[in-house]
Amino acid sequence: MENKCSRHLVVIQPSSYCNLNCKYCYVPDRDKKNVISDSLLEEIISKVINSDELSKAITLLWHAGEPLSVGIGFYKKVNSLIKKYNKNNKKIIYNSIQTNATYINDEWCHFFKENDYKISISCDGPEFLHNLNRVTWSNRGSYNLVMRGINKLNEHNIPVSMLCTVTRETLKYPQELFQFFVDSKIKKIGLNPEGVKGRNKNGCFRDNELTTILKEYRVFIEKLFELWKTTDNPLKIREFDVTLNIINQKKKDPNFKQMRSNQNALEIITIQKNGNISTFCPELAGGTFEDPNKFVIKNITEIDDFSELRSSKKLNTISEQIINGHKKCEKNCEYFDLCGGGNPNAKMYEKGTFDCDETTYCNLSRKLIYETVISGLS
Ligand code: SF4
């Protein structure tokens, strides 16, 4: 599979701890407060910057567990380590945070602005939807805490992107959801259907109800697309933006094929708080119930350069299965050129193998979106 991404994505888990206990969360050990050690953090930053394998610009995404729970001091340390190892700015480094927003205050906002951090918030829409799943450890809704953080970011003119987990309940309220994004001044949203990932074995979109779910999801997406098309606002909805972009490229060049970085080894690297490394999709870092290290390739302390991972038998076995699944998609699916093949993690967690094509995830977040956008354009 050819690689056309302009950046590497390195996802780093400063701690697995989260102050929330969202009902669908797949991150293991999120009640454990230990933070990545100073020496391990330094080893990660130095190896990422000095790696020959990671030759392009790099986005460091701080994620998995609540990344702001470790405090501003942690990210000040990150900044000094980047300065220490990135002599003469030999690599372009971007920092990005996926957060539940509950810790955000003026001090964090100043820090984000001064250091050009990109912020994405996890939030599921208006209070009655958000509080269904995004709860504290004492099972109280987190909506007010999250909105306090979003309002702070807006006060400081920091652009807010949002990831919204879509459940069966969300499907009933496209209008309310859309209005919430507009009212909250969100710049960009991504819609993630609740999936069966790692430890979340009870995802609400189950295969055995697929026909009904597809109908409900289609009505939801069509309504959202109509609102988005007909409302004058700057909100970007990832699913529609990306699809329109691909369709335009395909119109210009009929041979165009979408590429996905999560199908190429080492395009995306995930490093856990103990230094364990996995690749392809960040979701794979949590492994499975039976084996939390199922997709761990090596520990950062065992390598001098990320290129050494390429000779790992485990990595090559996973890669081979992903390529075979990709070929199945190419052979069997009419949307392959637009899609570029499915998410390996969806294939693994839904079907138990990377070597397959269609999943419920791809039905909801790919095929149905393509059909809606294509018919909406005609
Ligand atoms: S839409 Fe689904 S089946 Fe089609 S290429 Fe994408 S992942 Fe494969």
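Refer to the structure presented above.
For the structure given in this document, a descriptive report is provided here. (Residues numbered from 1 in each chain as written. Predicted model: local features only at pLDDT ≥ 70, side-chain atom pairs only at ≥ 80, totals over all residues. Heavy atoms only, no water.)

## Topic: the packing of aromatic side chains
Applying the stated criterion across every chain yields a total of 19 aromatic pairs. Between the aromatic rings of Phe128 and Tyr173, the centroid separation amounts to 4.8 Å while the plane-to-plane angle is 80 degrees, which identifies the pairing as edge-to-face. Of this pair, Phe128 sits in helix α4 (residues 127–133) while Tyr173 is found in the loop between β5 (160–166) and α6 (174–183), placing the two residues 45 residues apart along the sequence. With a centroid separation of 5.9 Å and an interplanar angle of 65 degrees, the aromatic rings of Phe180 and Phe181 are classed as edge-to-face. As far as burial versus exposure is concerned, Phe180 and Phe181 are alike and both buried. Over the face of the ring belonging to Tyr94 we find Arg7, whose NZ or CZ atom lies 3.6 Å from the ring centre. (Phe/Tyr/Trp six-rings, centres within 6.5 Å; stacked < 30°, edge-to-face > 60°. Helix = DSSP H or I, 4+ residues; strand = E, 2+ residues; numbered from the N terminus. Buried < 20%, exposed > 50% of the residue type's maximum accessible area, 1.4 Å probe, protein only. Lys NZ or Arg CZ within 6 Å of the ring centre and 35° of its normal.)

## Some details on the pairing of strand β8 (residues 268–271)
Taking every second residue as pointing to the same face, both faces of β8 are buried, with Ile268 and Thr270 on one and Ile269 and Ile271 on the other. Looking at chain direction, strand β1 (residues 7–12) and β8 are connected through four bridges and run parallel. Its bridge partner lying in β8, Leu9 is registered against Ile268. In the sheet, β8 pairs with strand β9 (residues 276–279) via three bridges, with the strands oriented antiparallel. Looking across to β9, one finds that Thr270 is bridged to Ser278. (Pairing = 2+ DSSP bridges.)

## Let's talk about helix α7 (residues 210–230)
One full turn of an α-helix is made of 3.6 residues, so residues set three or four places apart face in the same direction. In this model, α7 (21 residues) spans 30 Å end to end at C-alpha, consistent with the 30 Å of a helix rising 1.5 Å per residue. Taken residue by residue, α7 has Ile213, Tyr217, Phe220, Ile221, Leu224, Phe225, Leu227 and Trp228 as its buried positions. In a view along the axis of α7, the buried residues occupy a sector of 160 degrees, so they form one face of it. The outward face of α7, more than 90 degrees from its buried face, is lined by the exposed residues Thr211, Lys215, Val219 and Thr230. (Expected span 1.5 Å × (residues − 1). Arc of directions from axis to C-beta.)

## What to know about the pattern of salt bridges
By the definition in use, this model includes 19 salt bridges. Between Asp116 and Lys118 there is a salt bridge, with the nearest N and O atoms lying 3.1 Å from each other. Judged by relative accessible area, Asp116 falls into the partly exposed class, the value being 49%. (Salt bridge = Lys/Arg side-chain N within 4 Å of Asp/Glu carboxyl O.)

## Side note on the packing of α7 against helix α12 (residues 360–377)
For the pair α7 and α12, the least separation of the axes is 9 Å and the interaxial angle reads 45 degrees. Considering the angle they form, α7 stands oblique to α12. Of the two elements, α7 crosses α12, and the hand of that crossing is right-handed. Packed against α7, whose contacting residues are Leu210, Ile213, Leu214, Tyr217, Arg218, Ile221, Glu222, Phe225 and Lys229, the element α12 presents Thr360, Asn363, Leu364, Leu368, Ile369, Glu371, Thr372, Val373 and Gly376 at the interface. Partitioning the contact of α7 with α12 into residue classes produces ten nonpolar, four polar and four charged. (Axes fitted to C-alpha atoms, helices over the stretch in contact; angles between N-to-C directions. Parallel < 35°, antiparallel > 145°, perpendicular 65-115°, else oblique. Left-handed = near helix turned anticlockwise from the far one by under 90°. Contact = heavy atoms within 4.5 Å. Nonpolar A, V, L, I, M, F, W, Y, C, P; charged D, E, K, R; others polar.)

## A word on the state of the cysteines
Applying the stated criterion across every chain yields a total of zero disulfides. Among the cysteines around Cys123, which has no disulfide bond, Cys164 carries the closest sulfur, lying 7.0 Å off. (Disulfide = S-S within 2.5 Å.)

## Some thoughts on the nonpolar core
Core analysis: the largest hydrophobic core is formed by 90 residues, its most contacted members being Leu60, Trp62, Tyr75, Phe112, Ile121 and Phe306. Ranked by residues supplied to this core, first place goes to α7 with eight residues. If near-sequence neighbours (up to four positions away) are discounted, Tyr75 is found in contact with Pro14, Trp62, Pro67, Leu68, Val70, Ile97, Trp108, Phe111 and Tyr117. Judged by nonpolar contacts, the second largest core, of six residues, contains Phe256, Tyr335, Cys339 and Tyr370. (Core = buried A, V, L, I, M, F, W, Y, C linked by side-chain atoms within 4.5 Å.)

## Some remarks on the environment of Leu266
Structurally, Leu266 is set in the loop between α8 (238–252) and β8. The buried category is assigned to Leu266, whose relative accessible area is 2%. Along the primary structure Leu266 and Ser278 are separated by twelve residues, whereas in three dimensions their C-alpha atoms are 8.6 Å apart. Apart from the residues lying within four places of it in its own chain, the contact partners of Leu266 are His8, Glu53, Leu54, Thr279, Phe306, Leu309, Arg310 and Leu315.

## Some details on the packing of helix α3 (residues 106–115) against helix α5 (residues 143–155)
Between α3 and α5, the least distance of the axes is 10 Å, while the angle of their chain directions is 50 degrees. Of the possible angle classes, the one that applies to α3 and α5 is oblique. Crossing of α3 against α5: the hand is right-handed. On α5, the residues that touch Asp106, Cys109 and Phe112 of α3 are Lys152, Leu153 and Glu155. Per-class residue counts for the contact of α3 with α5 are three nonpolar, no polar and three charged.

## Details of the side chain of Ser184
Looking at where Ser184 falls in the secondary structure, it is placed in the loop between α6 and β6 (188–193). For Ser184, the contacting residues outside a window of four places in its chain are Met147, Ile150 and Asn154.

In short, the description is geometric, and any link to function would need to be established separately.
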